[in-house]
Amino acid sequence: MTMFRRAALLLLLATGTAQAEPLPALTREGLQALTLAESSISLRSVAGAQNETVSVAELYRKALVSGGFPESAITITRQDDTAFLVLRWRGQDASLKPLVISGHMDVVAANATDWTRDPFTPVVEDGYLFGRGSTDMKMSNALAITALIHLRQHDYKPERDIVLALSGDEETSMKTGQILAKMFSNASQVLNLDAGGGTLDEETGRPLYYTWSGAEKTYADLSLDVADPGGHSSEPRARNAIDVLAAALLKVQAHSFRPELNALTRSYFMNAARFSPPKLAAAMRIFAASPDNAKAVAILRADPALVGSIGTTCVVTMVHGGHAPNALPQRAQANINCRIFPGHSRYDMIRELTAVIDDPSVHIADQTAGSVETQPSPLDTPFSAAVARAAHEAYPDVPVFPSMSSGASDSMWFRALNIPSYGASPIFMKSSDDFSHGLNERVPLSTITPGLHFLLSLIPDLARK
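Structural notes, computed from the coordinates.

What counts as what
Residues numbered from 1 in each chain as written. Predicted model: local features only at pLDDT ≥ 70, side-chain atom pairs only at ≥ 80, totals over all residues. Heavy atoms only, no water. Salt bridge = Lys/Arg side-chain N within 4 Å of Asp/Glu carboxyl O. Helix = DSSP H or I, 4+ residues; strand = E, 2+ residues; numbered from the N terminus. Buried < 20%, exposed > 50% of the residue type's maximum accessible area, 1.4 Å probe, protein only. Pairing = 2+ DSSP bridges. Axes fitted to C-alpha atoms, helices over the stretch in contact; angles between N-to-C directions. Contact = heavy atoms within 4.5 Å. Expected span 1.5 Å × (residues − 1). Core = buried A, V, L, I, M, F, W, Y, C linked by side-chain atoms within 4.5 Å. Arc of directions from axis to C-beta. Polar contact = N/O pair within 3.5 Å; in protein donor to acceptor, adjacent residues only side chain to side chain. Parallel < 35°, antiparallel > 145°, perpendicular 65-115°, else oblique. Left-handed = near helix turned anticlockwise from the far one by under 90°. Nonpolar A, V, L, I, M, F, W, Y, C, P; charged D, E, K, R; others polar.

With that settled, the discussion passes to the pattern of salt bridges. If charged atoms from side chains of opposite charge come close, those side chains can pair. Taken as a whole and judged by the stated rule, the model has 18 salt bridges. Residue Asp155 is joined to Lys157 by a salt bridge in which the shortest nitrogen-to-oxygen separation is 2.6 Å. The salt bridge partner of Glu216 is Arg415, with a shortest N-O separation of 3.8 Å. With Glu216 in strand 9 (residues 207-216) and Arg415 in helix 12 (residues 411-415), this residue pair connects regions lying 199 residues apart in the sequence. We note that Glu216, like Arg415, is buried. Connected via shared salt-bridge partners are Arg88, Arg90 and Asp161.

Right, let's get into the sheet that holds strand 4 (residues 123-125). Hydrogen bonding along the main chain pairs the strands of a sheet, whether they run parallel or antiparallel. Taking strand neighbours across the sheet as the criterion, the three strands line up as 4-5-19 in an open arrangement whose pairing is antiparallel. This sheet does not close on itself; its edge strands, each paired only once, are strand 4 and strand 19 (442-444). Averaged over all pairs of adjacent strands, the angle between their axes in this sheet comes to 25°, without regard to strand direction. Where strand 5 (residues 128-130) lies against strand 19, three bridges are found, and the strand directions are antiparallel. Following the sheet pairing, Tyr128 is matched in strand 19 by Pro444. Contacting strand 4 and strand 5, helix 2 (residues 28-41) runs over the sheet at an angle of about 20° to strand 5.

Our focus in this paragraph is helix 6 (residues 241-254). Its 14 residues place the ends of helix 6 20 Å apart at the C-alpha level, agreeing with the 20 Å of an ideal helix rising 1.5 Å per residue. Looking at the packing, one finds that the buried side of helix 6 touches strand 10 (218-227), strand 12 (313-321), strand 14 (331-340) and helix 10 (346-357).

In this section: the side chain of Ser213. Looking at where Ser213 falls in the secondary structure, it is placed in strand 9. With a relative accessible area of 2%, Ser213 lands in the buried category. Filtering out sequence-adjacent residues up to four positions away, Ser213 remains in contact with Ala195, Gly196, Ser403, Met404, Ser405, Arg415, Ser421, Tyr422 and Gly423.

Now for the sheet that holds strand 10. Sheet architecture is open: four strands sit in the order 12-14-10-15, paired in antiparallel fashion. In this open sheet, the two strands that pair with only one neighbour each are strand 12 and strand 15 (363-366). Direction aside, neighbouring strands of the sheet carry axes that sit 25° apart on average. Here strand 10 pairs with strand 15 via four bridges, running antiparallel. Bridging from a neighbouring strand, Leu224 pairs with Ile364 of strand 15. Across the sheet, helix 10 lies against strand 10, strand 12, strand 14 and strand 15, angled at about 170° from strand 15, the strand it touches most.

Let's shift gears to the nonpolar core. Residues Met139, Leu148, Leu164, Leu191, Phe454 and Leu458 are the most contacted members of the largest nonpolar core, which totals 65 residues. Here the element with the most residues in this core is helix 4 (residues 134-153); it accounts for ten residues. Counting 23 residues, the second largest nonpolar core, distinct from the first, contains Ala241, Val244, Phe257 and Leu353.

What follows concerns helix 9 (residues 294-301). For an α-helix, 3.6 residues make a turn, and residues three or four places apart therefore share a direction. Listed as buried for helix 9 are Ala296, Val297 and Leu300. The buried residues of helix 9 all sit within an arc of 100° when viewed along its axis, so they share a single face. Exposed residues lying more than 90 degrees from the buried face of helix 9 are Ala294 and Lys295. For helix 9, the elements touching its buried residues are helix 7 (263-272) and helix 8 (278-289). The opening residue of helix 9 is Asn293, an N-cap whose side-chain oxygen sits 3.3 Å from the backbone nitrogen of Lys295.

It is worth spelling out the packing of helix 7 against helix 8 at this point. Between helix 7 and helix 8, the shortest axis-to-axis distance is 8 Å and the interhelical angle comes to 150°. By the angle between their directions, the pair helix 7 and helix 8 is classed as roughly antiparallel. Crossing of helix 7 over helix 8 shows left-handed handedness. Between helix 7 and helix 8, the contacting residues are Arg266, Tyr268, Phe269, Met270 and Ala272 on the first element and Met284, Arg285, Phe287 and Ala288 on the second. Split by residue class, the contact of helix 7 with helix 8 holds seven nonpolar, no polar and two charged.

Here the focus is the side chain of Ser309. Note on placement: Ser309 falls in the loop between helix 9 and strand 12. Ser309 sits in the buried class, given a relative accessible area of 8%. Excluding anything up to four places from it in sequence, Ser309 contacts Glu260, Thr265, Phe269, Phe341 and Ser406.

Here we take up the packing of helix 2 against helix 3 (residues 53-66). Relative to each other, helix 2 and helix 3 sit at 160°, their axes nearing to 9 Å. One finds that helix 2 runs roughly antiparallel with respect to helix 3. Here helix 2 runs over helix 3; the crossing is right-handed. Of helix 3, the residues touching helix 2 (which contributes Leu36, Ser39 and Ser40) are Val56, Leu59, Tyr60 and Ala63. Looking at the contact of helix 2 with helix 3 residue by residue, the class counts come to five nonpolar, two polar and no charged.

Printed below as a string of structure tokens:
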């Protein structure tokens, strides 16, 4: 650890080593991060007519300026109904490629009538911050901004430029992420705060392990479309568009794609097995050695947290059919969302599903917007050592190993330009607390102190020559 990093951490934390507590005592900067997270959650940064992502960007700009960054270093650029934010902190050596810190300001939609609490009214309760975006990813943004302000206020001078690049439509079209990747196509590497993270024990709340992401699956939306002349509902016919679509969907549901491994997922299964229940651990080890073992595959597929790591998945997410309650349907449509294992294209999936459905009246088409296939980032770089040091600043001796993300992120745009991108979230939480994209999303307050430890180690480490 550099002398600066040690001094910075001592200045930040007066409570010693971070502990996982239900109600942690927060420092001044920890409270600043919590307040910033709360304020951003209250802004409905959802795609559409009342999108407040621009307001989130303005909130972050104000926090950065108040923290000592010059206004000239920050830009907010509007794009369609959203915006993206860039902070460029100039380094001492202009010849060095910049470090990009990536994240997003938008969130997925939330229906308030389904939630226990209003999703856009932040609530601190029982050791958690509740609200849409608390986990994905407004707390991470708040921790990053707080860490950058801390570094600047304590006279840290980066050797290379540090760029904070926050997109505004990562949850939808992902246009702004692509724009940012093109803007910073000369980046040395990308630290994506939207993937990876620390896992805490379900019973004790103590750290089990930290994983960082070196790859992600490809996002794809495929439409299934069935057309029919229709007719009067009093005269049913042998062929019904909705029935045909339903039969096709059941075939998709029953189909399992070939189990696969790569270096990242093999490492994950071998390491995570040490912290898993015996039956699951045995299946993880067997799969890592023999991915065609049917028994191990069945056990892993039954776990929602693991099924995405063993190969491609395709699942129906939306269905539409019919045009009147008293008429035979003239059209039935469904959306199949696929998360594709690296090394395969969307067209490979269309061919496979066409064979599985085996009905020429079901038309399959690629409807994907804002996605591109990418290969894993290199594993043999200084990043792995830097992220291990950072995780140990949060929780000494916590095991650290790589993984692959099942979801899509802005990293794909950078990887598509051959820029190494690594997911390393500052969030440490129990698996059972992860409600990203779901009801009653929440993040534990206990993650704030170790999250700041983590970033105050990792950012200066990656910004060195």
